Amino acid sequence: MMARNNASGSPFDSLRRFLRDRFDLGEDSALQDEVVDNICRGVDFRGTNLWVLIFATFVASLGLNVNSTAVIIGAMLISPLMGPIMGMGLSVGINDFDLLKRSVRNFGFMVLVSILTSTLYFVVSPLSGAQSELLARTVPTTYDVLIAFFGGLAGIVAQSRRDRTSTVIPGVAIATALMPPLCTAGYGLATLQLNYFLGAFYLFFINTVFIAIATFVVVRFLKYRKKEFLDKARVRRSMLLIVLVTIVPSVVIGYRIVKRSFFETNAQRYVSNVFQFPKAKAIDFHTHFDSDSSSIEVFMIGEPVSKEAIESARLQMAGYGLSQAKLIVRQNGEDDHVDLVSLQSGYRELIAEKN
């Protein structure tokens, strides 16, 4: 009986040992003092760090201005923004209040310098239009929370290793995208567009908070030695409040974006399947999503489609989850017309952007 129990338990013990060996973070772990010293060196912004930050801000602003993804990625690689953020997470994890004050002070200075630099650039830049790379940094969502958190986990795990020559830290800098939102906030100030400034700065704030939280989680998981100080409960309450203030708006925005994505996908299926006529063709459609009044605008060419056929198409909208949306059909006729020049211009701009 006992032999059978040992035999049956043996595979599970082997599996547990195998998983523990594979996922063990202690094998290549650096000493705590070494990790703390390395992160602390990146906290202060003076001399080289400060000038690199300014140059990286100019590079990122140029990339956003000319809509160049490659230039923006380059700016993210050279910007030293991770230092104070990881310093804040580390300081809370080991109860180092002096390091926390130093990290917060340098973080505030870093943000101020970056926004002022980008604002100065966009004030003097002759290109004032909002390109797609700029617009992408103005609507933060729940996905940005997840990207920042998991990117922060990868960053602090890499920092806690003896060998720091890997590409993890540059990869985290690209994934979490700290520099572009700051430059977009500067664009919002330079062009007096408050919605751009608030959206971009909120995205940067999300990235900051959850990289710091990820650092805190890993530091506690690795059981680093903690300093003693008073009023721990107050620190915990402050952290919880910051997390809630950060994540709740992003969840609301993320929910709206998911609903919009479903609406646009359903609209695509609806137009492709329903607007099939012998002598008329749907060449384009536009969607407008709103919780109160959504609409689908379809542009037709060819012989005019009868009102009965359009009404039949309208009745099929419920089958595609579009019962609350308004259908607008633009076609050659007495009342409506298709602006082919406008459509051709729109397609040229789309092709140029894709190229």
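Residues numbered from 1 in each chain as written. Predicted model: local features only at pLDDT ≥ 70, side-chain atom pairs only at ≥ 80, totals over all residues. Heavy atoms only, no water.

Some details on the overall build of the protein
Quick note on the threshold: Working definition: helices are DSSP H or I runs of at least four residues, strands are E runs of at least two. Numbering for both runs from the N terminus. Note on exposure labels: buried denotes an accessible area under 20% of the residue type's maximum, exposed denotes more than 50%, and partly exposed covers the range between, all computed with a 1.4 Å probe on protein chains only. Working rule for contacts: check all heavy atoms of both residues, and any pair within 4.5 Å makes them a contact. Areas reported here follow the Shrake-Rupley algorithm with a probe of radius 1.4 Å; residue values treat only the protein chains shown as occluding.
Check the secondary structure of the protein and you find 14 helices and 4 strands. Within the span of the protein, comprising 355 residues, buried residues form 39% of the whole. Taking all contacts inside the protein whose residues are at least 6 apart in sequence as the whole, residues at least 24 apart take part in 76%. Counting every atom, the protein has about 20400 Å² of accessible surface; 61% of that belongs to carbon and sulfur.

Focus: the environment of Ala200
Here Ala200 is to be found in helix 11 (residues 194–221). C-alpha of Ala200 to C-alpha of Thr184: the two residues are 16 residues apart in sequence and 5.9 Å apart in space.

Quick notes on unusual backbone geometry
Excluding glycine, residues mostly have negative phi values, and the peptide bonds linking residues are mostly trans. Positive phi, close to 60 degrees, is recorded for Leu192, a residue that is not glycine. Here Leu192 shows up in the loop between helix 10 (179–190) and helix 11. With a relative accessible area of 77%, Leu192 lands in the exposed category.

Some remarks on the packing of helix 3 (residues 48–65) against helix 6 (residues 97–124)
Heads up, the rule is: The convention used is that axes are lines fitted to C-alpha atoms, helices contributing only their stretch in contact, and that angles between N-to-C directions extend from 0 to 180 degrees. For classification, angles of less than 35 degrees are called roughly parallel, those exceeding 145 degrees roughly antiparallel, those between 65 and 115 degrees roughly perpendicular, and all remaining angles oblique. For any helix crossing, the convention is left-handed if the near helix is rotated counterclockwise from the far helix by under a right angle, and right-handed if that rotation is clockwise.
Viewed as axis vectors pointing N to C, helix 3 and helix 6 meet at an angle of 40 degrees, and their least axial separation amounts to 9 Å. Accordingly, the angle class assigned to the pair helix 3 and helix 6 is oblique. Pair helix 3 / helix 6 crosses with right-handed handedness. Along the contact surface, helix 3 presents Leu50, Leu53, Ile54, Thr57, Phe58, Ser61, Leu62, Leu64 and Asn65, while helix 6 presents Phe109, Met110, Val113, Ser114, Thr117, Ser118, Tyr121 and Phe122.

So, the confidence of the model for the protein
Counted only if it meets this: Looking at any residue, its pLDDT shows the predictor's confidence there, from 0 to 100.
Residues of the protein with pLDDT of at least 70 account for 74%, and the chain-wide mean is 76. When mean pLDDT is taken per element in the protein, helix 6 scores highest with 87 and helix 7 (residues 132–135) scores lowest with 53. Counting interchain partners and residues more than four positions distant, the pLDDT-below-50 stretch residues 1–8 has 0 contacts. Here residues 334–338 scores under 50 on pLDDT; set against residues more than four positions off or in separate chains, the count is 12 contacts.

Considerations on the packing of helix 6 against helix 11
The criterion, for reference: Polar here means any residue outside two lists: the nonpolar Ala, Val, Leu, Ile, Met, Phe, Trp, Tyr, Cys and Pro, and the charged Asp, Glu, Lys and Arg; Gly therefore counts as polar.
For the pair helix 6 and helix 11, interaxial distance at closest approach is 14 Å and the crossing angle is 145 degrees. Crossing angle aside, the handedness with which helix 6 passes helix 11 is right-handed. Each of Phe107, Met110, Val111 and Ile115 in helix 6 lies in contact with helix 11, whose residues at this interface are Phe197, Phe201, Phe204 and Thr208. Here the residues of the contact of helix 6 with helix 11 are counted per class, giving 7 nonpolar, 1 polar and no charged.

Focus: the side chain of Ser61
As for its position among the elements, Ser61 is in helix 3. Judged by its relative accessible area of 0%, Ser61 falls in the buried class. Those residues within four positions of Ser61 in sequence are excluded, and the remaining contacts are Ser118, Tyr121, Phe122 and Cys183.

Here we look at the side chain of Thr117
For clarity, the threshold we go by: Polar contact is the term for a pair of N or O atoms within 3.5 Å; when the atoms are in protein, one must be able to donate a hydrogen and the other to accept it, and sequence-neighboring residues count only if both atoms are side-chain atoms.
Mapped onto the elements, Thr117 comes out in helix 6. For Thr117, the side chain forms a polar contact with the main-chain oxygen of Val113, separated by 2.7 Å. When sequence neighbours within four positions are dropped, the list of residues in contact with Thr117 reads Ile54, Thr57 and Phe58.

Examining the pattern of salt bridges
What counts is decided by this rule: A carboxyl oxygen of Asp or Glu within 4 Å of a side-chain nitrogen of Lys or Arg is what we treat as a salt bridge.
This model, assessed by the stated rule, comprises 3 salt bridges. Residues Arg102 and Asp44 are paired through a salt bridge, measuring 3.2 Å at the closest nitrogen-oxygen approach. Note that Arg102 is positioned in helix 6 and Asp44 in the loop between helix 2 (32–41) and helix 3, a separation of 58 residues in sequence. The exposure class assigned to Arg102 is partly exposed, which follows from its relative accessible area of 26%. Its salt-bridge partner being Glu297, residue Arg330 comes within 2.8 Å of it at the nearest N-O pair. Separated by 33 residues along the polypeptide, Arg330 in strand 4 (residues 326–330) and Glu297 in strand 3 (residues 295–302) bring together distant segments of the chain. A relative accessible area of 27% means that Arg330 is categorised as partly exposed.

Points about the packing of aromatic side chains
The criterion, for reference: Here a pair means two rings of Phe, Tyr or Trp (six-membered ring of Trp) with centres within 6.5 Å. Their orientation is stacked below 30 degrees between planes, edge-to-face above 60, and tilted elsewhere.
Scanning all chains against the criterion turns up 11 aromatic pairs. A centroid spacing of 5.5 Å and a plane angle of 70 degrees characterise the contact between Phe149 and Phe150, whose relative ring orientation is edge-to-face. Consider the rings of Phe197 and Phe201, whose centres lie 5.9 Å apart with planes at 15 degrees: the pair is stacked. In this pair, Phe197 and Phe201 both sit in helix 11, 4 residues apart, roughly one turn of the helix. On the accessibility criterion, Phe197 (19% relative accessible area) is buried. Accessibility expressed as a relative area gives 28% for Phe201, which makes it partly exposed. The structure contains a cluster of three or more aromatic residues connected by ring pairs, namely Phe107, Phe197, Phe201 and Phe204.

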